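A look at the structure
Listed below are the residues making up each chain.
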Amino acid sequence: MAGRIRQADVEEVKARTNIADIIGERVALKNAGVGAMKGLCPFHDERSPSFNVRAQAGFYHCFGCGESGDVYSFLTKMDHVSFTEAVERLAGRIAYTLHYEDGGAAPEHTGRTRLFAANAAAAEFFRAQLQTGEADTARRFLGERGFDAGAAAHFGVGYAPKGWSGMHDALKAKGFTDEELTTSGLVSQGQRGVYDRFRGRLVWPIRDVTGQVLGFGARRLYDDDKGPKYLNTPETTIYKKAQVLYGLDLAKRDISREHQVVVVEGYTDVMACHLAGITTAIATCGTAFGSDHITVLRRVMGDDSTAGEVVFTFDPDAAGQKAALRAFADAKRFNAQTYVATGPEGLDPCDLRLRRGDGAVRGLIEHKVPMVEFVLDQRIAGFDLASVEGRVGALRASAPVVAELRDALLQPEYVRVLARRLGMDTEDVRREVERAARAGGRRESGPAAVPAEEVVGEPLVRVTLASLPRTAAVTIERDAIMGILQFGHRMDAALIARALEAPFRHPALDAVRQAVRQAGDMQRPGWALDAIGTVREPYRSLAGELLAADFPALDDTAALSSASDLARRLVIRSLESQKSELLGAIQRVSASSDEGRTIRLRLRELDAQRDELTADI
Ligand code: ZN
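Bear in mind the structure is a predicted one, so any value in this text is a computation, not a measurement.

This next bit is on the packing of helix 11 (residues 267-275) against helix 14 (residues 349-356). Running from N to C, helix 11 and helix 14 cross one another at 50°; their axes reach a closest spacing of 7 Å. Taken together, helix 11 and helix 14 sit at an angle that is classed as oblique. Across from Thr268, Asp269, Ala272, Cys273 and Leu275 in helix 11, the residues of helix 14 making contact are Pro349, Cys350 and Arg353. Of the residues that constitute the contact of helix 11 with helix 14, the class distribution is five nonpolar, one polar and two charged.

See below:
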């Protein structure tokens, strides 16, 4: 285990890293105001973005839950890595050599970093094995499904050889220990030592949004293989099957750009979709699509509008229907339209592409139907609608689906759709839907039914931007300190020093003023973040808000001049209050006294200073 990373290196790596790039890999960010970006907070459940990122300050802040910090605290909270690992990861990105306090320079001796490295090495090994003579069956398997060598390379597909220790030996030679290979799930522990987990299989690397290999999915190739058809990496500290999505690294950009995601069932379906031009396709890995996947996808789609769409493709068999219904229950959490696409003759995207070509795969997605209609059809399908009993039964089975629609416009529309399908009176259907809604409401009552956004606003005694009084005096203090925190690095240092000299009237803003006044060199990257760290509690989160908030300005230049104006106004305000004090004092002394003369001189000085500043505004 290496020692502490040298502080100078920690600072240097932070200064050279754009926090917006790092956060942007995990959360879809949009420009929001000058120098700011916004997205859906990854730390709490929300539908409209209150998560702000300021690249220049190296800072993020969520106005919803109050989470804030620098790029290291983001990585430790988001990816659950240690501080050291966070620094090492970012250093790795920019190929920066870290130095350690004990003189060592062994950057990759922490757990997760080694797991990523082992998985990357294994992926490389599998890929190379696909070229060997033994991999003939694997290559044929791919070829029969319409995937050539180029496709295999694009998706990083590999082959795990039949022997018990081929991969193990190769990775041992690269310096990985048995313990590391075991914790990464690449080998299994047997009676006589460890052996390769994946043997005689086609292997797909499963990567995270940043492209790091988390684990593998492996398909059986040989008849004498008694294992399951698909075998995945077991749960490890980096591979969580409820969260991983195959293809997300390749689809991420288009998902975010097109506000569409296509959820397919298997690795070959993802490949077929991408090759056919549906580059937003992803698949779950050995588990049903669930709420954790939704959380991951919402972060990537990152949209507050309802324009986004999620298209599920399912086998129309019983298991597929169950999956659709479960997905429907979860999809209600999505702030997007959900659809189901089922292929002709129940063909999955891979078979569809093979038999009818790329155009057919695109057609499959084009002919999607709204999830609600799909689910209603599933519910109704088992009833004989020619009989009264059948229609009533179908109504009872399908009314809860319509009752669960929260959209005030959508619900009456689907009441009519359902009435038409069942051949029943709209009013009867509406009554049954209302009854189902009441029954459903009772079942869901309790803490779990409270939307997460309402839980978040806990009654903390904390001063927020929104809670500040709206008086002119407080407003100028608020805006001026906001401007300095955000644009101080480009403002005149002498002006800032003068603006922060006199105490502020609002105690919370004054606490921020004191901290900023002590900040020192504002040219130094990250100075504002450091200054916030020194604000005394309970005002630190207010300081964070001031740094993250939208500074009202049209562009960068306007922001800079507006921030400077505000600083000048603060100085003028202080000059004017000094002046009124002196005007009071001059009444109490004789005009011809020395004291009187000094005051008059000082008054003239104040006026001159004020005129000079006013001319600049
Ligand atoms: Zn938040």
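Attention now moves to helix 1 (residues 7-16). An α-helical turn contains 3.6 residues, so a residue and the one three or four places further along point in the same direction. Along helix 1, the positions that sit buried rather than exposed are Asp9, Val10, Val13 and Lys14. Angularly, the buried residues of helix 1 cover 135° about the axis, an arc narrow enough to put them on a single face. Buried residues along helix 1 sit in contact with helix 3 (71-78), helix 4 (83-93) and helix 24 (527-533).

Strand order in the open sheet made by the five strands is 1-2-3-4-5, with antiparallel pairing throughout. Two strands close off the open sheet at either side, each with one partner strand: strand 1 (30-31) and strand 5 (68-69). Looking at chain direction, strand 3 (residues 51-54) and strand 4 (residues 59-62) are connected through four bridges and run antiparallel. Its bridge partner lying in strand 4, asparagine 52 is registered against histidine 61. Each of strand 3 and strand 4 touches helix 25 (residues 540-548); the most contacted strand, strand 4, lies at about 110° to it.

Ordered by their spatial adjacency, four strands build an open sheet running 6-9-10-11, and the pairing between neighbours is antiparallel. Each edge of the open sheet carries a strand with a single partner, namely strand 6 (158-160) and strand 11 (230-232). The mean inter-strand angle of the sheet, taken between neighbouring strand axes irrespective of direction, is 35°. Two elements, strand 6 and strand 9 (residues 201-207), share three bridges in a ladder whose sense is antiparallel. Looking at strand 9, one finds that alanine 160 is bridged to arginine 201.

Moving on to the coordination of the zinc ion. Every protein donor of the zinc ion is listed here as Cys41 (SG), His44 (ND1), Cys62 (SG) and Cys65 (SG), and their distances to the metal cover 2.1 to 2.3 Å. In terms of primary sequence, the donors binding the zinc ion are separated according to C-x2-H-x17-C-x2-C. You can see histidine 44 sitting in the loop between strand 2 (36-39) and strand 3 and its partner cysteine 62 sitting in strand 4, a full 18 residues away along the chain. A relative accessible area of 13% means that histidine 44 is categorised as buried.

Inspection of the secondary structure puts asparagine 232 in strand 11. Overall, asparagine 232 belongs to the buried group, its relative accessible area being 14%. A distance of 3.2 Å separates a polar atom in the side chain of asparagine 232 from a polar atom in the side chain of tyrosine 239. Among the polar contacts listed, one links the side chain of asparagine 232 to the side chain of tyrosine 267, at a separation of 2.9 Å.

Definitions and limits used
Residues numbered from 1 in each chain as written. Predicted model: local features only at pLDDT ≥ 70, side-chain atom pairs only at ≥ 80, totals over all residues. Heavy atoms only, no water. Axes fitted to C-alpha atoms, helices over the stretch in contact; angles between N-to-C directions. Helix = DSSP H or I, 4+ residues; strand = E, 2+ residues; numbered from the N terminus. Parallel < 35°, antiparallel > 145°, perpendicular 65-115°, else oblique. Contact = heavy atoms within 4.5 Å. Nonpolar A, V, L, I, M, F, W, Y, C, P; charged D, E, K, R; others polar. Buried < 20%, exposed > 50% of the residue type's maximum accessible area, 1.4 Å probe, protein only. Arc of directions from axis to C-beta. Pairing = 2+ DSSP bridges. Donors = N, O, S within 2.8 Å, 3.2 Å for Na, K, Ca; no water. Polar contact = N/O pair within 3.5 Å; in protein donor to acceptor, adjacent residues only side chain to side chain.

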